[in-house]
Amino acid sequence: MEKTEATKVETKGGSKGSHFMQGALVLGIASLIVKIIGAVFKIPLINLIGDDGSGYFNVAYQIYTFMFIVATAGFPIAISKMVAESMARNDETDAKRVFQTAISFLAVIGLAGSIILFVFAKQLAGLVGIPDAELGIKAISPAVFFVSLASSMRGYFQGRQNMFPTAGSEVIESSGKMVIGLLMASFFMGMTIVPNLDKVIDFVTRQVDTAHMRTVYASAGAIFGVTAGTLLSFLLLSVIYICLAIGAKRHAKNIAPMTAAQEKLRPKRTILKELIMIAIPITIGASVSSLTTLIDMTTISRRLVTNPNVFNEYAFMFEQGTSFYDKAVGAGWTGAVLDSQKASTLYGMYTGKALTMFNLPLTLVVALGMSIVPAISSALARARKGEAGSITESAIRIAMLFGAPCAIGMSVLSSGVLGLLFSDDNAHVVLSILSIAIIPVAVVQVTNAILQSYGKVYYPVVNMLIGGAAKVIFNYIAIPYLGIDGAPIGTFICYLIIAVLNTVQIVRIANIRFKPLDILIKPLIAAGVMGVCGYFLSGILPTSRVLTVLEILVCGLIYVIMIFAVRAIKREDIMNMPKGEKIAGILEKFKLIK
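Quick caveat: nothing in here was measured; it's all calculated off a predicted structure. (Residues numbered from 1 in each chain as written. Predicted model: local features only at pLDDT ≥ 70, side-chain atom pairs only at ≥ 80, totals over all residues. Heavy atoms only, no water.)

J.: Honestly, the overall build of the protein in this entry has me stumped. Any pointers?
T.: Along the backbone of the protein there are 24 helices and three strands. Split into buried and exposed, the 594 residues of the protein put 50% on the buried side. In the protein, the proportion of contacts linking residues at least 24 apart, taken out of those at least 6 apart, comes to 80%. Here the protein has roughly 27100 Å² of accessible surface; of this, 68% comes from carbon and sulfur atoms. (Helix = DSSP H or I, 4+ residues; strand = E, 2+ residues; numbered from the N terminus. Buried < 20%, exposed > 50% of the residue type's maximum accessible area, 1.4 Å probe, protein only. Contact = heavy atoms within 4.5 Å. Areas by Shrake-Rupley, 256 points an atom, 1.4 Å probe, with all protein chains shown as cover.)

Structural data, given as structure tokens:
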């Protein structure tokens, strides 16, 4: 069968390689925009609804995220793979049948997920020990259905090597979440508190009975922005699909009649089975990757309340004159209810501020894994095991070179870093502990990708389950004694175990020599010197946003000097980067690398 005009338009202007590079660029730009929008959304939101509201928001969002991952995570990739294979055979009909089968299946799965979230919202909120998250879970429940439909369409367009619909829908989704979420949160937070109101909330007069319930509704309004964003994303993709379908029909006369072989259609049951088989391992991997967040969500609040003495460490957040104190008095919280609200507030402070800052530098490591792993796969495909081993060793070393300064720098400058974005720095202790985990997390991100490139897709899953089990045990035992500070320690232990297991397996599989001096010690020495300088700078200079930025820049310069001074970076590391040969030539000219 000849290509349709639509297919000709899509394939016009370049080879498969140019399509790939163009697609990667489009998605990369979209991803950057989405991350910026996410930061613009979350930082003012936390300042608006506070730590307790952030806790309700994050519980609902994490439950939704896990449900979304379980329901759809692997399907966009599976759909794109099968659609691409059909298009490679010039079989437009089969590509459409793949899409029709996928969207029908995901519609059912998504609807079931939405119903489960809505019906069992109270039980889910109670399970994690934060009952006030119930309204938020209900508000976000429809998003599972909308994002399931959107995922099937994204997979279809990606399979046709058209990345623009995916990119556009992601930006629209994030923009909708930000605009509608902030507007809804502002609407509720602007309500007047009337203690003797005859109902919990009056939408007409914009009155609410307590400051606490105002925050609960504001967090639910903010999370409804996610639902609105997924709906807008689905509508945009639907319009694009309909427009392309109309265009294809107009050019249907240019399609040659199908051959007898092409008229024999694959049963949809066969298509569905293949989709599921491709999607399952991807879904498992994606589910496990959010393991630590789920563990924290289900253990922090429940374990904190078992020993109320742990709240004394953060008593300044609950004393007279704070918003929490005013809410507690207004709502009449005492005993177990008061302890539960304190736990919710600490959870919100941890997830909303510390985790938000913790995740920022890790985007660089994810990009590193995405750029280096294809080089490993290519070398293996050409049976160049030595080259693959060299790239593997370099990838782990570069992960350490990125992770070490981010971890130590954020740890020693935690108070100033939080002050850059938030109205207070009450999370500086927990962030200073959590930041150290950036090192093993960076290694895990890269080593997971490396193991997958060697075809060992289930190794990272097993290792993460082992690390997750260690975190569950540690959280359960330590949080009643260490309080909220026990959670980041558990995260560090979890990822350290995974990093060690991954690295041991890579050394065996790739047959490389693990060199502690080059991979661990040199980056840590360079980052350590930087950290000492940063610690003294933060102690000497007064606190201000401008001076914090200056401290970060000085620390960065010191680290760059130190990595060359201790010879922590090698020529092969530079060569694996974009424009590597040119950069390496300049560095060799100044005798900075060998």
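J.: Would you explain the pattern of salt bridges in this entry?
T.: Between side chains of opposite charge, pairing is possible as soon as their charged atoms come close. One pass over the structure, following the stated rule, counts ten salt bridges. A salt bridge links Glu393 to Lys515, with the shortest nitrogen-to-oxygen separation between them at 3.8 Å. Taken together, the residues Glu393 in helix α15 (residues 385-412) and Lys515 in the loop between α20 (486-510) and α21 (516-540) connect sequence positions 122 residues apart. Taking relative accessible area as the criterion, Glu393 reaches 14% and is therefore assigned buried. Residue Lys515 is classed as partly exposed on the basis of its relative accessible area of 31%. Among the salt bridges present, the one from Lys522 reaches Asp518, with a minimum N-O distance of 3.4 Å. Of this pair, Lys522 and Asp518 are both found in helix α21, four residues apart, which corresponds to roughly one turn of the helix. (Salt bridge = Lys/Arg side-chain N within 4 Å of Asp/Glu carboxyl O.)

J.: Please clarify how the sheet that holds strand β1 (residues 192-193) should be interpreted in this entry.
T.: Paired through backbone hydrogen bonds, the strands of a sheet run either parallel or antiparallel to each other. Spatial ordering of the open sheet is given by β1-β3-β2, a layout of three strands whose pairing is mixed. This sheet does not close on itself; its edge strands, each paired only once, are β1 and β2 (201-202). Sheet analysis places β1 next to strand β3 (residues 207-208), joined by two bridges and oriented parallel. For Ile193, the partnering residue across the bridge sits in β3 and is Val208. (Pairing = 2+ DSSP bridges.)

J.: Help me out: how do you make sense of the environment of Ile408 in this one?
T.: Within the secondary structure, Ile408 is located in helix α15. Classification of Ile408 by relative accessible area gives buried; the value is 17%. Separated by 121 residues in the primary sequence, Ile408 and Val529 place their C-alpha atoms 9.8 Å from one another. With sequence-adjacent residues up to four places away left out, Ile408 is seen in contact with Ala527, Gly528, Met530 and Gly531.

J.: Would you explain a nonpolar patch on the surface in this entry?
T.: Judged by side-chain polarity, Phe514, Leu517, Leu520, Ile521, Leu524, Ile525 and Val529 come together as a nonpolar surface patch covering roughly 530 Å² of accessible area. Within the secondary structure, Leu524 is located in helix α21. On the basis of relative accessibility, which here comes to 36%, the residue Leu524 falls in the partly exposed class. (Patch = residues over 30% accessible without salt bridge, like charges linked within 9 Å, V, L, I, M, F, W, Y side chains within 5 Å.)

J.: Which parts of the structure should I look at to understand the packing of helix α6 (residues 134-159) against helix α7 (residues 164-189)?
T.: Two quantities define a packed helix pair, namely the angle between the axes and the distance from one axis to the other. Between α6 and α7, whose axes approach to 9 Å, the crossing angle comes to 150°. As judged from the angle between their axes, α6 and α7 are roughly antiparallel. Listed contacts from α7 to Arg154, Phe157 and Gln158 of α6 are Pro165, Thr166, Ser169, Glu170 and Glu173. Of the residues contributing to the contact of α6 with α7, the split by class is two nonpolar, three polar and three charged. (Axes fitted to C-alpha atoms, helices over the stretch in contact; angles between N-to-C directions. Parallel < 35°, antiparallel > 145°, perpendicular 65-115°, else oblique. Nonpolar A, V, L, I, M, F, W, Y, C, P; charged D, E, K, R; others polar.)

J.: Before we go on, may I ask you to explain the packing of aromatic side chains in this structure?
T.: Aromatic ring pairs are reported here in terms of the distance separating the ring centres and the angle at which the planes meet. Here the structure, examined in full by the defined rule, presents 19 aromatic pairs. A ring pair is formed by Phe187 and Phe188, whose centres lie 5.2 Å apart and whose planes are at 75°; its orientation type is edge-to-face. Aromatic ring contacts, followed pair by pair, group Phe41, Phe57, Tyr61, Tyr64 and Phe68 into a single cluster. Above the plane of the ring of Phe118 lies Lys138, whose end atom (NZ or CZ) is 5.5 Å from the centre. Directly above the aromatic system of Tyr476 lies the positively charged group of Arg303, at a separation of 3.7 Å from the ring centroid. (Phe/Tyr/Trp six-rings, centres within 6.5 Å; stacked < 30°, edge-to-face > 60°. Lys NZ or Arg CZ within 6 Å of the ring centre and 35° of its normal.)

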